[in-house]
Amino acid sequence: MIQATLFQLDNYGPWTTTPAPRREMDLQTLQSRLYADVASAVGRHDGYAFYTRGDNVVAFTGGMDREDHRALQRTVRNRYPVTLSAGVGGGATPLDAVADATERLQAAGSAQDADRTEVLSGDPVDANEEFHVAHYDVVDATGRYTDSRDAFGAYLTVSRVYAAVAEKLYREDDALAFFVGGDNVIAVCPPLSRSTYREHVDAVAEETGVELRVGVGAGTRAVAAGSTAKEALELAREDEVSVVCGGEVAAEART
């Protein structure tokens, strides 16, 4: 099983407008700082946390038990004017795990339910299923986009590419992709073949006109898989190939 956690702020929407609408930059600052604390806590247990909707963070938490989750909830309560609930789930694929975590938290009450406070729903699973981390970036993003287009135009290009990658992985492979800054997208995937990644890269290039490279790493913990994926991506850049899996360039990726 793969273990995932959905972290969600309690009653956040109503809080942002009570007793009067709060300044947007204050809210953005709170969300970014809170995400940093969640990501740091998850990372200490060899997991990955991804900023999704500000008041929601999706994490892969195979190294965290219930007390680890409780400790994070206490940290948020002590540092912020809001509290944090969590749903813990498991599944054979990243999508299955996140869907299970989501259902467990939803069953405990609405995100805007004033009576839902620091819920921890679901139990950690025996997280021993191998999953892949795929690290994508845009080929020559600096030369083609960052240094040659206005900043917002470059941002729109990267956003379109991210949306295309995320939609394809979500719909076809039960994989979840997240934009992580710059021109980088990280996807947490079930085991997929090298040819599948190659097909995805080609399909996104045809749809958006943007070339991608991807490095893929495998493991039962996100950090180990992600480190291998980053190393594989560096090899893909050096050898100017589209896909590298597990640190080795395959013959088919060179063609």
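Presented here is a report on the structure given in the accompanying data block.

**Let's talk about the sheet that holds strand 7 (residues 176–179)**
No. 1: The strand order 7-8-6-9-10 describes an open sheet built from five strands, whose pairing is mixed. Each edge of the open sheet carries a strand with a single partner, namely strand 7 and strand 10 (243–245). Neighbour-to-neighbour, the strand axes of this sheet turn through a mean angle of 15°, independent of strand direction.
No. 2: Taken together, the six bridges between strand 6 (residues 131–138) and strand 8 (residues 184–189) define a ladder with antiparallel strand orientation. Of the residues in strand 8, the one forming a bridge with H135 is I186.
No. 3: The sheet contacts of helix 6 (residues 151–173) involve strand 6, strand 7, strand 8 and strand 9 (212–219), and relative to strand 7 the element is tilted by about 165°.
No. 4: Sheet strands in contact with helix 7 (residues 194–208) are strand 6, strand 8, strand 9 and strand 10, and its direction is about 150° off that of strand 9.

**Examining unusual backbone geometry**
No. 1: That bond from T18 to P19 is cis: its omega, 0°, falls within 30 degrees of zero.
No. 2: In this structure, D140 takes a positive phi of about 50° despite not being glycine.
No. 3: With respect to the helices and strands, the residue D140 is situated in the loop between strand 6 and helix 5 (141–146).
No. 4: Positive phi is not limited to glycine here, since E240 has a value of about 55°.
No. 5: Within the secondary structure, E240 is located in the loop between helix 8 (222–239) and strand 10.

What counts and what doesn't
Residues numbered from 1 in each chain as written. Predicted model: local features only at pLDDT ≥ 70, side-chain atom pairs only at ≥ 80, totals over all residues. Heavy atoms only, no water. Pairing = 2+ DSSP bridges. Helix = DSSP H or I, 4+ residues; strand = E, 2+ residues; numbered from the N terminus. Axes fitted to C-alpha atoms, helices over the stretch in contact; angles between N-to-C directions. Contact = heavy atoms within 4.5 Å.

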